[in-house]
Amino acid sequence: MPLLAMLGHVMPQPRPYYAENSFSLTFYDIMTACAGDQLNGEIGFYVQLAGKQPARILELGCGTGRVTAALAERGHTICGVDLSAPMLEQARLKLANNVALGKVHFLQADMCDFSLDGRFDLIIAPFYSFSHLLTMEQRRAGLARIAEHMAPDGRAVLHLIKRDTLATTLDVSELTNSRTTIPLPSHQAILTAQSIGHSADHAAQRCDISVKYQLMDNNRRIVAESVEQLTYGWIEADQIAPLLKDTGLHLTRRETGFIEGQHGNEDIWVLAHKDPNA
């Protein structure tokens, strides 16, 4: 939904993240640009793994093409897969020239259930996209698709949310510092986003998060708002080895941030095919 069309737009009931006309979709690129430490060094990390020569890259959960665009600019050929039609529509508009040149392709599909021709040198699931998988069956299927599509000497990167971040239920007082404020000077408006719910279900290994978005004019008058919900799942430490073994993969690196030597709060896996002789 265009920003000006949101004026006076109030959603009384919570709705899913990234739904058509949602605030989380409309302002996705703006919000991720303000993500800070979560994404510091992210593009450089992927570029280094891709290598100096043009690589064939598969991006799972490509969204609006934020990472796709950065990698395409560096000469790589990319296929972006996402389940959200509205997000892919934005990605195709953003990368229309690369699509026309055949350097970028997009596919609307579930990352657990798709099939593409050929193998990829690098497969990435950026910014928590793999954390949207909520069951071990889904994760096993997603990893199996990665193993099927990865070149023999290829690598895969999963950027996950840390288990401890998701496994804690936060009360209202603990969420008061989660407010993000972003000026939108070209629209003479201000966007705010604040977590208002963070509930962990340990039996299901999932966390339900509610975010309240507000669009205000320069006088701080609320002109539009929406409450949107998303759910992430986590993997327990003793589940990792069996999960990777089942799909023929192994963990070559595990980092807490994208910048070498810097400790962060992320969970980044670098995977490769398991040596059948090991």
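Look up a bit, the structure's there.
Residues numbered from 1 in each chain as written. Predicted model: local features only at pLDDT ≥ 70, side-chain atom pairs only at ≥ 80, totals over all residues. Heavy atoms only, no water.

1. Points about the side chain of Thr 64
The criterion, for reference: Put simply, DSSP marks the helices as runs of H or I at least four residues long and the strands as runs of E at least two long, and each gets a number from the N terminus on. It only takes one pair of heavy atoms within 4.5 Å for two residues to be counted as in contact.
Relative to the helices and strands, Thr 64 is located in the loop between β3 (56–60) and α4 (66–72). Each residue touching Thr 64, except ones within four places of it in the same chain, is listed here: Tyr 28, Asp 29, Met 87, Gln 90, Ala 91 and Lys 94.

2. Considerations on the side chain of Thr 247
Looking at where Thr 247 falls in the secondary structure, it is placed in the loop between α9 (237–246) and β12 (249–255). Setting aside residues no more than four positions away along its own chain, Thr 247 makes contact with Arg 140, Leu 143, Ala 144 and Ala 147.

3. Comments concerning unusual backbone geometry
Put simply, the rule reads: Note on exposure labels: buried denotes an accessible area under 20% of the residue type's maximum, exposed denotes more than 50%, and partly exposed covers the range between, all computed with a 1.4 Å probe on protein chains only.
Of note, Gln 188 is a non-glycine position whose phi angle comes to about 50°, a positive value. Here Gln 188 falls in the exposed class, since its relative accessible area comes to 57%. Despite not being glycine, Arg 220 shows a phi value in the positive range, around 65°. Tracing the sequence through the fold places Arg 220 in the loop between β10 (206–217) and β11 (222–233). For Arg 220, a relative accessible area of 48% translates into the label partly exposed.

4. Quick look at the nonpolar core
Among soluble globular proteins, nonpolar side chains are generally buried collectively. Stated precisely, the cut-off is as follows: Among buried residues, the Ala, Val, Leu, Ile, Met, Phe, Trp, Tyr and Cys ones that are joined through side-chain atoms within 4.5 Å form a nonpolar core.
Residues Phe 23, Leu 184, Val 211, Tyr 213, Leu 215 and Tyr 232 are the most contacted members of the largest nonpolar core, which totals 29 residues. Sorting the residues of this core by element identifies α1 (23–26), β8 (180–184), β9 (189–201), β10 and β11 as the ones contributing at least two each. Broken down by element, this core gets its largest block of residues, five residues, from β10. Filtering out sequence-adjacent residues up to four positions away, Val 211 remains in contact with Tyr 17, Ala 193, Gln 194, Ser 195, Ser 226, Val 227, Glu 228 and Leu 230.

5. Regarding the state of the cysteines
Short version of the rule: Criterion for a disulfide: a pair of cysteine sulfur atoms at a distance within 2.5 Å.
Scanning the model with the defined rule gives zero disulfides in all. In this structure Cys 62 is not part of a disulfide, and its nearest cysteine sulfur, from Cys 79, lies 8.0 Å away. Here Cys 62 falls in the buried class, since its relative accessible area comes to 3%.

6. Observations regarding the sheet that holds β12
To keep it simple, the criterion reads: Here, any two strands with at least 2 DSSP bridges between them count as paired. To define axes, lines are fitted to C-alpha atoms, for helices over the stretch in contact only, and angles between the resulting N-to-C directions are given on a 0 to 180 degree scale.
Read across the sheet, seven strands follow the order β5-β4-β3-β6-β7-β13-β12 without closing on themselves; strand pairing throughout is mixed. In the strand order of this sheet, the two ends are held by β5 (104–108) and β12, each with one partner. Each adjacent strand pair in this sheet contributes to an overall mean axis angle of 20°, direction not counted. Strand direction decides the pairing type here: β3 and strand β4 (residues 77–82), joined by five bridges, are parallel. Within the sheet, the bridge partner assigned to Leu 58 lies in β4 and is Cys 79. Taken strand by strand, α9 contacts β12 and β13 (266–273), and its axis lies near 135° from that of β12.

7. Structural notes on the packing of aromatic side chains
Filter applied, for reference: Here is the rule: rings of Phe, Tyr and Trp (six-membered ring for Trp) pair when centre to centre is within 6.5 Å. Planes less than 30 degrees apart are stacked, more than 60 are edge-to-face, and the remainder are tilted. When the NZ atom of lysine or the CZ atom of arginine is within 6 Å of a ring's centre and also within 35 degrees of its normal, the charge is said to sit over that ring.
The tally for this structure, following the rule as stated, stands at 10 aromatic pairs. Considering the side-chain rings of Tyr 17 and Tyr 18, the 5.0 Å spacing of their centres and the 80° angle between planes classify their relative orientation as edge-to-face. Since its relative accessible area comes to 22%, Tyr 18 is described here as partly exposed. Against the face of Phe 120 rests Arg 56, its NZ or CZ located 4.1 Å from the ring centre.

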